[in-house]
Amino acid sequence: MVLTGKKILIGVSGSIAAYKTILLVRLLTKAGAQVKVVITKAAADFVSPLVLSTLSQEKVLSDLSEGDAWANHVMLGRWADLMVIAPLSCNTLAKMATGLCDNLLMAVYLSATCPVMVCPAMDEDMWHHPSTRDNLSRLRGWGVQVMPVGNGSLASGLTGEGRMAEPEEIFDVIFQQISGETKQALLGKKIVVTAGPTYEPIDPVRFIGNHSSGKMGIELARALRAEGAEVHLVLGPVSAPDPEGMNVQRVTTAQEMFEATKAVFDSCDMAVMTAAVADFRPANPFESKYKKQPGKQLPVIELEENPDILAYCGSRKKEHQITVGFALETNDALEYAKKKLDSKSANIIVLNSLQDIGAGFGGDTNKVTILTNRDQLVALPLMSKAEVAKAIVNAIIEYSA
(Lines give C-alpha, C1' and ligand atoms only; values in the text may rest on other atoms or scores of the structure.)
Protein backbone atom coordinates (compact mmCIF):
# COMPACT_ATOMS: atom_id res chain seq x y z
CA MET A 1 0.00 0.00 0.00
CA VAL A 2 1.46 3.32 -1.13
CA LEU A 3 1.12 5.25 2.17
CA THR A 4 2.03 2.47 4.60
CA GLY A 5 3.74 3.91 7.67
CA LYS A 6 2.64 7.50 6.95
CA LYS A 7 0.83 9.40 9.71
CA ILE A 8 -1.82 11.89 8.66
CA LEU A 9 -3.79 14.12 10.99
CA ILE A 10 -7.13 15.28 9.58
CA GLY A 11 -8.78 18.38 11.03
CA VAL A 12 -12.48 18.93 10.30
CA SER A 13 -14.13 22.32 10.81
CA GLY A 14 -17.78 23.33 10.58
CA SER A 15 -18.83 23.21 6.93
CA ILE A 16 -21.35 21.16 5.03
CA ALA A 17 -18.41 20.02 2.88
CA ALA A 18 -17.39 17.82 5.84
CA TYR A 19 -19.28 14.97 4.18
CA LYS A 20 -16.41 14.80 1.67
CA THR A 21 -13.96 14.13 4.49
CA ILE A 22 -15.50 10.68 4.98
CA LEU A 23 -14.26 9.57 1.56
CA LEU A 24 -10.89 11.27 2.10
CA VAL A 25 -10.32 9.30 5.33
CA ARG A 26 -11.37 6.12 3.53
CA LEU A 27 -8.93 6.75 0.66
CA LEU A 28 -6.06 7.42 3.05
CA THR A 29 -6.64 4.37 5.24
CA LYS A 30 -7.11 2.17 2.18
CA ALA A 31 -3.71 3.38 0.96
CA GLY A 32 -2.15 2.22 4.23
CA ALA A 33 -1.88 5.53 6.10
CA GLN A 34 -2.49 5.83 9.84
CA VAL A 35 -5.14 8.51 10.22
CA LYS A 36 -6.24 10.44 13.29
CA VAL A 37 -9.13 12.90 13.18
CA VAL A 38 -9.74 16.08 15.20
CA ILE A 39 -13.06 17.86 14.75
CA THR A 40 -14.65 21.03 16.04
CA LYS A 41 -18.01 20.99 17.79
CA ALA A 42 -19.53 22.71 14.75
CA ALA A 43 -18.14 19.99 12.46
CA ALA A 44 -19.98 17.32 14.46
CA ASP A 45 -23.25 18.87 13.22
CA PHE A 46 -22.25 18.02 9.65
CA VAL A 47 -20.44 14.68 9.91
CA SER A 48 -20.72 11.81 12.36
CA PRO A 49 -17.70 11.25 14.61
CA LEU A 50 -18.74 7.59 14.73
CA VAL A 51 -18.34 7.25 10.96
CA LEU A 52 -14.92 8.91 11.02
CA SER A 53 -13.84 6.78 13.96
CA THR A 54 -14.98 3.60 12.24
CA LEU A 55 -13.10 4.42 9.05
CA SER A 56 -9.91 5.60 10.76
CA GLN A 57 -9.96 2.93 13.49
CA GLU A 58 -9.01 5.72 15.89
CA LYS A 59 -11.00 7.66 18.46
CA VAL A 60 -12.15 10.99 17.01
CA LEU A 61 -11.04 13.86 19.25
CA SER A 62 -12.92 17.12 19.76
CA ASP A 63 -12.27 18.31 23.32
CA LEU A 64 -9.10 19.38 25.10
CA SER A 65 -10.16 17.12 27.96
CA GLU A 66 -12.70 14.38 28.53
CA GLY A 67 -13.40 13.43 32.14
CA ASP A 68 -10.02 13.04 33.78
CA ALA A 69 -8.23 12.45 30.45
CA TRP A 70 -6.34 15.15 28.51
CA ALA A 71 -6.03 15.23 24.74
CA ASN A 72 -2.33 15.94 24.37
CA HIS A 73 -2.42 18.47 21.54
CA VAL A 74 1.36 18.91 21.65
CA MET A 75 1.98 15.22 21.00
CA LEU A 76 -0.70 15.18 18.28
CA GLY A 77 1.01 18.09 16.55
CA ARG A 78 4.33 16.25 16.68
CA TRP A 79 2.93 12.84 15.75
CA ALA A 80 1.85 13.54 12.18
CA ASP A 81 3.83 13.58 8.93
CA LEU A 82 1.18 15.94 7.55
CA MET A 83 -1.78 17.83 8.99
CA VAL A 84 -4.72 18.41 6.62
CA ILE A 85 -7.67 20.62 7.58
CA ALA A 86 -10.56 19.60 5.32
CA PRO A 87 -12.87 21.39 5.15
CA LEU A 88 -11.44 24.71 6.27
CA SER A 89 -14.34 27.00 7.15
CA CYS A 90 -14.14 30.78 6.98
CA ASN A 91 -14.30 30.89 10.78
CA THR A 92 -11.43 28.45 11.34
CA LEU A 93 -9.39 30.23 8.67
CA ALA A 94 -9.75 33.49 10.61
CA LYS A 95 -8.66 31.74 13.81
CA MET A 96 -5.60 30.26 12.11
CA ALA A 97 -4.62 33.65 10.66
CA THR A 98 -4.84 35.36 14.07
CA GLY A 99 -3.58 32.56 16.32
CA LEU A 100 -6.86 32.27 18.22
CA CYS A 101 -6.81 29.06 20.28
CA ASP A 102 -10.28 28.23 21.58
CA ASN A 103 -10.68 24.54 20.63
CA LEU A 104 -8.64 21.36 20.26
CA LEU A 105 -8.21 21.73 16.50
CA MET A 106 -6.61 25.16 16.89
CA ALA A 107 -4.42 23.93 19.76
CA VAL A 108 -3.16 21.08 17.58
CA TYR A 109 -2.56 23.38 14.60
CA LEU A 110 -0.56 25.83 16.71
CA SER A 111 1.48 22.92 18.08
CA ALA A 112 2.07 21.19 14.73
CA THR A 113 5.69 20.72 13.70
CA CYS A 114 4.74 18.96 10.46
CA PRO A 115 3.67 20.55 7.14
CA VAL A 116 0.07 21.82 7.13
CA MET A 117 -2.36 21.78 4.22
CA VAL A 118 -5.82 23.37 4.19
CA CYS A 119 -8.81 22.77 1.91
CA PRO A 120 -11.09 25.83 2.04
CA ALA A 121 -14.87 25.49 1.72
CA MET A 122 -17.25 28.44 1.83
CA ASP A 123 -19.79 30.39 -0.19
CA GLU A 124 -18.55 32.49 -3.11
CA ASP A 125 -19.07 35.89 -1.49
CA MET A 126 -17.20 34.73 1.61
CA TRP A 127 -14.43 33.31 -0.58
CA HIS A 128 -13.95 36.64 -2.36
CA HIS A 129 -14.21 38.83 0.76
CA PRO A 130 -11.05 40.91 1.38
CA SER A 131 -10.64 39.47 4.89
CA THR A 132 -10.59 35.93 3.45
CA ARG A 133 -8.01 36.99 0.86
CA ASP A 134 -5.83 38.53 3.58
CA ASN A 135 -6.14 35.52 5.88
CA LEU A 136 -5.18 33.09 3.10
CA SER A 137 -2.25 35.29 2.13
CA ARG A 138 -1.03 35.23 5.72
CA LEU A 139 -1.24 31.44 5.88
CA ARG A 140 0.62 31.08 2.59
CA GLY A 141 3.32 33.39 3.92
CA TRP A 142 3.78 30.99 6.85
CA GLY A 143 4.21 28.04 4.50
CA VAL A 144 0.72 26.57 4.80
CA GLN A 145 -0.31 24.84 1.57
CA VAL A 146 -3.71 25.99 0.29
CA MET A 147 -5.67 23.67 -1.99
CA PRO A 148 -7.48 25.49 -4.82
CA VAL A 149 -11.25 25.66 -4.45
CA GLY A 150 -13.63 24.34 -7.08
CA ASN A 151 -16.27 26.15 -9.08
CA GLY A 152 -19.79 24.73 -9.03
CA SER A 153 -22.96 24.32 -6.98
CA LEU A 154 -22.77 25.72 -3.46
CA ALA A 155 -24.81 25.01 -0.33
CA SER A 156 -26.48 28.42 -0.65
CA GLY A 157 -28.01 27.36 -3.95
CA LEU A 158 -25.69 29.66 -5.88
CA THR A 159 -23.10 28.55 -8.41
CA GLY A 160 -19.55 29.84 -8.18
CA GLU A 161 -16.18 29.52 -6.48
CA GLY A 162 -15.74 28.17 -2.97
CA ARG A 163 -16.38 24.41 -3.22
CA MET A 164 -13.91 22.27 -1.33
CA ALA A 165 -11.63 20.27 -3.61
CA GLU A 166 -12.82 16.73 -4.26
CA PRO A 167 -11.43 13.98 -1.98
CA GLU A 168 -9.62 12.31 -4.88
CA GLU A 169 -7.83 15.58 -5.71
CA ILE A 170 -6.83 16.10 -2.08
CA PHE A 171 -5.60 12.49 -1.84
CA ASP A 172 -3.43 12.93 -4.95
CA VAL A 173 -1.80 16.05 -3.50
CA ILE A 174 -1.22 14.34 -0.14
CA PHE A 175 0.34 11.36 -1.90
CA GLN A 176 2.63 13.57 -3.97
CA GLN A 177 3.69 15.61 -0.96
CA ILE A 178 4.53 12.87 1.53
CA SER A 179 5.66 10.15 -0.89
CA GLY A 180 8.03 12.45 -2.76
CA GLU A 181 6.77 11.12 -6.10
CA THR A 182 6.03 13.53 -8.98
CA LYS A 183 6.06 16.48 -6.63
CA GLN A 184 4.48 19.55 -8.17
CA ALA A 185 6.91 22.43 -7.77
CA LEU A 186 4.25 25.17 -7.47
CA LEU A 187 1.88 23.35 -5.15
CA GLY A 188 0.25 25.82 -2.77
CA LYS A 189 1.24 28.85 -4.86
CA LYS A 190 -1.38 31.29 -6.12
CA ILE A 191 -0.61 32.94 -9.46
CA VAL A 192 -2.49 35.57 -11.45
CA VAL A 193 -2.03 35.36 -15.23
CA THR A 194 -3.21 37.89 -17.81
CA ALA A 195 -3.72 36.76 -21.40
CA GLY A 196 -5.16 37.89 -24.72
CA PRO A 197 -5.66 41.37 -26.16
CA THR A 198 -7.63 44.31 -24.83
CA TYR A 199 -10.18 46.21 -26.91
CA GLU A 200 -10.49 49.95 -26.34
CA PRO A 201 -13.79 51.33 -27.73
CA ILE A 202 -13.86 54.17 -30.25
CA ASP A 203 -17.63 53.84 -30.40
CA PRO A 204 -20.03 50.96 -29.57
CA VAL A 205 -18.88 49.14 -32.75
CA ARG A 206 -15.22 49.99 -33.36
CA PHE A 207 -12.20 49.60 -31.12
CA ILE A 208 -8.43 49.87 -30.85
CA GLY A 209 -6.93 46.42 -30.38
CA ASN A 210 -4.33 43.96 -31.60
CA HIS A 211 -4.03 40.47 -33.08
CA SER A 212 -3.33 38.54 -29.87
CA SER A 213 -5.14 35.18 -29.75
CA GLY A 214 -4.38 34.51 -26.07
CA LYS A 215 -2.90 31.09 -26.98
CA MET A 216 0.47 31.69 -25.32
CA GLY A 217 -1.08 32.97 -22.11
CA ILE A 218 -3.59 30.12 -21.90
CA GLU A 219 -0.86 27.53 -22.44
CA LEU A 220 1.21 29.19 -19.75
CA ALA A 221 -1.74 29.17 -17.34
CA ARG A 222 -2.21 25.45 -18.03
CA ALA A 223 1.50 24.76 -17.44
CA LEU A 224 1.41 26.62 -14.12
CA ARG A 225 -1.70 24.68 -13.10
CA ALA A 226 0.00 21.40 -14.03
CA GLU A 227 2.73 22.23 -11.50
CA GLY A 228 0.09 22.52 -8.78
CA ALA A 229 -0.47 26.28 -8.73
CA GLU A 230 -3.84 27.86 -8.02
CA VAL A 231 -4.25 29.95 -11.17
CA HIS A 232 -6.44 33.03 -11.56
CA LEU A 233 -6.59 33.80 -15.30
CA VAL A 234 -7.67 37.29 -16.39
CA LEU A 235 -8.55 36.73 -20.03
CA GLY A 236 -9.13 39.36 -22.66
CA PRO A 237 -11.60 39.05 -25.58
CA VAL A 238 -10.54 35.82 -27.31
CA SER A 239 -12.54 33.08 -29.01
CA ALA A 240 -10.85 30.26 -27.05
CA PRO A 241 -12.98 28.53 -24.40
CA ASP A 242 -12.11 28.94 -20.72
CA PRO A 243 -9.37 26.46 -19.74
CA GLU A 244 -10.39 24.00 -17.03
CA GLY A 245 -9.03 23.73 -13.51
CA MET A 246 -8.56 27.43 -12.81
CA ASN A 247 -10.48 30.58 -12.00
CA VAL A 248 -11.13 32.53 -15.22
CA GLN A 249 -12.31 36.13 -15.32
CA ARG A 250 -13.21 37.56 -18.72
CA VAL A 251 -12.50 41.24 -19.40
CA THR A 252 -12.50 43.50 -22.46
CA THR A 253 -10.58 46.72 -21.79
CA ALA A 254 -7.19 47.43 -20.25
CA GLN A 255 -8.88 49.20 -17.34
CA GLU A 256 -11.00 46.11 -16.64
CA MET A 257 -7.90 43.90 -16.84
CA PHE A 258 -6.08 46.21 -14.45
CA GLU A 259 -8.93 46.20 -11.91
CA ALA A 260 -9.28 42.40 -12.08
CA THR A 261 -5.53 41.90 -11.59
CA LYS A 262 -5.31 44.51 -8.86
CA ALA A 263 -8.11 42.76 -6.93
CA VAL A 264 -6.15 39.51 -6.56
CA PHE A 265 -2.47 40.50 -6.80
CA ASP A 266 -1.86 41.13 -3.10
CA SER A 267 -2.96 37.57 -2.26
CA CYS A 268 -0.81 36.01 -5.00
CA ASP A 269 2.72 34.66 -4.97
CA MET A 270 3.32 35.55 -8.61
CA ALA A 271 1.91 37.66 -11.44
CA VAL A 272 2.55 36.50 -15.00
CA MET A 273 1.57 39.21 -17.46
CA THR A 274 1.29 37.68 -20.94
CA ALA A 275 -1.56 39.89 -22.17
CA ALA A 276 -1.06 42.23 -25.13
CA VAL A 277 -2.51 45.26 -23.36
CA ALA A 278 -3.29 48.34 -25.44
CA ASP A 279 -1.04 51.20 -24.33
CA PHE A 280 -3.65 53.83 -25.20
CA ARG A 281 -7.43 54.23 -25.30
CA PRO A 282 -9.73 56.86 -26.81
CA ALA A 283 -10.24 59.54 -24.19
CA ASN A 284 -13.81 60.29 -25.28
CA PRO A 285 -15.42 57.36 -27.14
CA PHE A 286 -18.53 58.16 -29.16
CA GLU A 287 -21.78 57.13 -27.47
CA SER A 288 -23.24 55.94 -30.78
CA LYS A 289 -21.72 54.56 -33.96
CA TYR A 290 -19.83 57.28 -35.78
CA LYS A 291 -21.01 57.45 -39.39
CA LYS A 292 -18.99 58.83 -42.26
CA GLN A 293 -20.72 61.49 -44.33
CA PRO A 294 -19.59 63.12 -47.63
CA GLY A 295 -17.82 66.39 -46.90
CA LYS A 296 -17.88 65.84 -43.15
CA GLN A 297 -14.59 66.46 -41.39
CA LEU A 298 -12.91 63.29 -40.17
CA PRO A 299 -13.06 62.83 -36.40
CA VAL A 300 -10.03 63.56 -34.27
CA ILE A 301 -9.57 60.78 -31.72
CA GLU A 302 -7.69 61.95 -28.66
CA LEU A 303 -5.86 59.15 -26.85
CA GLU A 304 -4.96 58.73 -23.20
CA GLU A 305 -2.67 56.20 -21.51
CA ASN A 306 -3.97 52.95 -20.10
CA PRO A 307 -2.76 51.77 -16.69
CA ASP A 308 0.52 49.85 -16.76
CA ILE A 309 -0.40 46.57 -15.05
CA LEU A 310 3.10 45.10 -14.92
CA ALA A 311 4.59 48.32 -13.52
CA TYR A 312 1.83 48.49 -10.89
CA CYS A 313 2.53 44.94 -9.73
CA GLY A 314 6.30 45.53 -9.80
CA SER A 315 6.05 48.65 -7.66
CA ARG A 316 3.72 47.01 -5.15
CA LYS A 317 5.16 43.50 -4.83
CA LYS A 318 6.34 42.18 -1.49
CA GLU A 319 9.60 40.34 -0.95
CA HIS A 320 8.09 36.90 -1.62
CA GLN A 321 6.25 37.94 -4.80
CA ILE A 322 7.57 37.47 -8.34
CA THR A 323 6.44 39.40 -11.41
CA VAL A 324 6.90 38.10 -14.96
CA GLY A 325 6.30 40.29 -18.00
CA PHE A 326 6.24 39.77 -21.75
CA ALA A 327 7.77 42.05 -24.37
CA LEU A 328 6.86 41.93 -28.06
CA GLU A 329 9.26 44.05 -30.10
CA THR A 330 9.83 44.80 -33.76
CA ASN A 331 13.35 46.25 -33.54
CA ASP A 332 16.22 46.47 -31.00
CA ALA A 333 14.31 43.75 -29.17
CA LEU A 334 16.91 42.70 -26.60
CA GLU A 335 17.75 46.27 -25.64
CA TYR A 336 14.09 47.16 -25.09
CA ALA A 337 13.49 43.96 -23.10
CA LYS A 338 16.38 44.77 -20.73
CA LYS A 339 15.01 48.29 -20.23
CA LYS A 340 11.55 46.87 -19.50
CA LEU A 341 12.99 44.47 -16.94
CA ASP A 342 14.39 47.43 -15.02
CA SER A 343 11.68 50.04 -15.57
CA LYS A 344 8.83 47.69 -14.57
CA SER A 345 10.73 46.26 -11.55
CA ALA A 346 10.11 42.80 -13.02
CA ASN A 347 11.90 39.63 -12.00
CA ILE A 348 11.61 38.00 -15.43
CA ILE A 349 10.87 39.28 -18.94
CA VAL A 350 9.97 36.93 -21.79
CA LEU A 351 10.93 38.49 -25.12
CA ASN A 352 9.12 37.87 -28.40
CA SER A 353 10.32 39.36 -31.66
CA LEU A 354 8.12 39.75 -34.71
CA GLN A 355 11.31 39.37 -36.75
CA ASP A 356 11.39 35.63 -35.92
CA ILE A 357 9.55 33.39 -38.38
CA GLY A 358 6.95 31.26 -36.61
CA ALA A 359 6.70 33.59 -33.59
CA GLY A 360 4.16 36.27 -32.72
CA PHE A 361 0.38 36.48 -32.85
CA GLY A 362 -2.07 33.75 -33.71
CA GLY A 363 0.18 30.79 -34.49
CA ASP A 364 0.78 27.57 -32.59
CA THR A 365 4.56 28.04 -32.31
CA ASN A 366 6.73 30.63 -30.61
CA LYS A 367 10.37 31.56 -30.15
CA VAL A 368 11.31 33.46 -27.01
CA THR A 369 14.25 34.68 -24.96
CA ILE A 370 13.96 34.65 -21.16
CA LEU A 371 15.75 37.40 -19.23
CA THR A 372 15.96 37.78 -15.44
CA ASN A 373 17.04 40.58 -13.14
CA ARG A 374 19.92 38.31 -12.09
CA ASP A 375 21.54 38.84 -15.50
CA GLN A 376 20.47 35.42 -16.76
CA LEU A 377 19.51 35.05 -20.42
CA VAL A 378 18.16 31.92 -22.11
CA ALA A 379 17.29 31.91 -25.82
CA LEU A 380 14.89 29.11 -26.74
CA PRO A 381 14.51 27.61 -30.23
CA LEU A 382 11.24 27.64 -32.15
CA MET A 383 8.82 25.33 -30.33
CA SER A 384 5.10 24.77 -29.90
CA LYS A 385 3.50 27.25 -27.53
CA ALA A 386 2.78 24.41 -25.10
CA GLU A 387 6.50 23.53 -25.04
CA VAL A 388 7.46 27.19 -24.66
CA ALA A 389 5.03 27.49 -21.75
CA LYS A 390 6.66 24.53 -19.96
CA ALA A 391 10.12 26.05 -20.52
CA ILE A 392 8.99 29.39 -19.09
CA VAL A 393 7.43 27.67 -16.06
CA ASN A 394 10.67 25.74 -15.50
CA ALA A 395 12.56 29.05 -15.58
CA ILE A 396 10.12 30.53 -13.05
CA ILE A 397 10.53 27.49 -10.77
CA GLU A 398 14.32 27.69 -10.99
CA TYR A 399 14.22 31.43 -10.27
CA SER A 400 11.97 31.04 -7.24
CA ALA A 401 13.84 28.04 -5.76
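Residue numbers restart at each chain and count upward from 1, following the sequence in its written direction. For a predicted model such as this one, the threshold for reporting local features is a pLDDT of at least 70, and the threshold for listing and counting side-chain atom pairs is 80 or more; totals across whole chains, interfaces and linings nevertheless cover every residue. To obtain the side-chain values, all non-hydrogen atoms of the structure were used and water was disregarded.

What about the sheet that holds strand 5 (residues 82-88)?
Stage number 1. Spatial strand order, 2-1-5-6-7: 5 strands in an open sheet with parallel pairing. Each edge of the open sheet is held by one strand with a lone partner, namely strand 2 (34-39) and strand 7 (145-146).
Stage number 2. Pairing of strand 5 with strand 6 (residues 116-120), which is carried by 4 bridges, proceeds in the parallel orientation. Residue pairing across strands places Leu88 opposite Pro120, the latter belonging to strand 6.
Stage number 3. Note on contacts: a residue pair is in contact if any heavy atoms of the two residues lie within 4.5 Å. A fitted line through C-alpha atoms represents every axis, and for helices the fit uses only the stretch in contact; the resulting angles, taken between N-to-C directions, go from 0 to 180 degrees. In this text, helices come from DSSP runs of H or I with a minimum length of four residues, and strands from runs of E with a minimum of two, each type numbered from the N-terminal end. Relative to strand 1 (residues 7-12), helix 1 (residues 19-30) is tilted by about 175°, and along the sheet it contacts strand 1, strand 2 and strand 5.
Stage number 4. Sitting on the sheet, helix 4 (residues 90-98) is in contact with strand 5 and strand 6, with an inclination near 135° to strand 5. Strands pair, by our definition, only if DSSP identifies at least two bridges between them.

Brief notes about the pattern of salt bridges
Stage number 1. Just to be clear on terms, a salt bridge is a Lys or Arg side-chain nitrogen sitting within 4 Å of an Asp or Glu carboxyl oxygen. Tallied over the full model, the rule gives 12 salt bridges.
Stage number 2. Notably, a salt bridge pairs Lys20 with Glu166, separated by 2.9 Å at the nearest N-O pair. Linking Lys20 in helix 1 with Glu166 in the loop between strand 9 (159-163) and helix 8 (167-179), this pair joins segments that are 146 residues apart in sequence.
Stage number 3. For each residue, the accessible area found with a 1.4 Å probe, counting protein chains only, is set against the maximum for its type, and the residue is called buried under 20%, exposed over 50%, and partly exposed in between. With a relative accessible area of 29%, Glu166 lands in the partly exposed category.
Stage number 4. Connected via shared salt-bridge partners are Lys20, Arg163 and Glu166.

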